[in-house]
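Here's the letter readout for the chains.
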Amino acid sequence: MPGTDALDDASADHERFEADLIAQDQDAARVSVADIDERRAHSLVNDLVDDDVITPIPDERVLVHEPSDEAFDSILQLAVFHRGWTAARDTDEGGE
């Protein structure tokens, strides 16, 4: 832009604004798994055991997440994994 003051040029502002909006949309679409506390984790895992999604193996002191065949020795880690796994499956099914 010949003759235009560089301080008045706002062409990059629009691109920055659009990039910020896209980032906010992506953040809103993500499922938060970090908000699981011990109480919620125990409740979720108990429900999943009742629904035969998780199999406890007492001799090895692990819990097996049947759909993924992953084993966990922490209820909290299992709960976080399951929420993330479920969110990924929901995203995959929505994109088909």
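Everything in this summary refers to the structure shown in the same document. On a predicted model such as this, the values are computed, not experimentally measured, just so you know.

## Structural notes on the environment of R61
Consideration 1: Residue placement: R61 occurs in the loop between β1 (54-57) and β2 (62-65).
Consideration 2: The spacing of R61 and F72 is 11 residues in sequence and 8.7 Å in space, taken between C-alpha atoms.
Consideration 3: Those residues in contact with R61, other than ones at most four positions away along the chain, are F72 and D73.

## What to know about unusual backbone geometry
The phi angle of most residues is negative, glycine excepted, and most peptide bonds adopt the trans form.
Consideration 1: Notably, D52 is not glycine yet its phi reads approximately 60°, a positive angle.
Consideration 2: Summarising the element assignment, D52 is placed in the loop between α2 (38-50) and β1.
Consideration 3: Residue classification places D52 among the exposed residues on the basis of a relative accessible area of 63%.
Consideration 4: Unusually for a residue other than glycine, R61 sits at a positive phi of about 55°.

## As for the nonpolar core
Consideration 1: One finds I36, A41, V45, L48, V53, I54, L63, F72, L78 and A79 forming the largest nonpolar core, which totals 10 residues.
Consideration 2: Sorting the residues of this core by element identifies α2 and α3 (75-95) as the ones contributing at least two each.
Consideration 3: Per-element accounting of this core gives the leading share, three residues, to α2.
Consideration 4: In contact with L63, other than residues within four places in its own chain, are V45, I54, T55, P56, E70, A71, F72, I75 and L78.

## Thoughts on the side chain of H65
Consideration 1: Along the chain, H65 falls in strand β2.
Consideration 2: Among all residues touching H65, those that are not within four sequence positions of it are V53, I54, E70, F72, L78, F81, H82 and W85.

## Some words on the packing of aromatic side chains
Consideration 1: This model, assessed by the stated rule, comprises one aromatic pair.
Consideration 2: Between F72 and F81, the ring centres sit 5.0 Å apart and the planes meet at 45°, which makes this aromatic pair tilted.
Consideration 3: For F72, a relative accessible area of 13% puts it in the buried group.
Consideration 4: F81 gets classed as partly exposed once you look at its relative accessible area, which sits at 28%.

About the cut-offs
- Residues numbered from 1 in each chain as written.
- Predicted model: local features only at pLDDT ≥ 70, side-chain atom pairs only at ≥ 80, totals over all residues.
- Heavy atoms only, no water.
- Helix = DSSP H or I, 4+ residues; strand = E, 2+ residues; numbered from the N terminus.
- Contact = heavy atoms within 4.5 Å.
- Buried < 20%, exposed > 50% of the residue type's maximum accessible area, 1.4 Å probe, protein only.
- Core = buried A, V, L, I, M, F, W, Y, C linked by side-chain atoms within 4.5 Å.
- Phe/Tyr/Trp six-rings, centres within 6.5 Å; stacked < 30°, edge-to-face > 60°.

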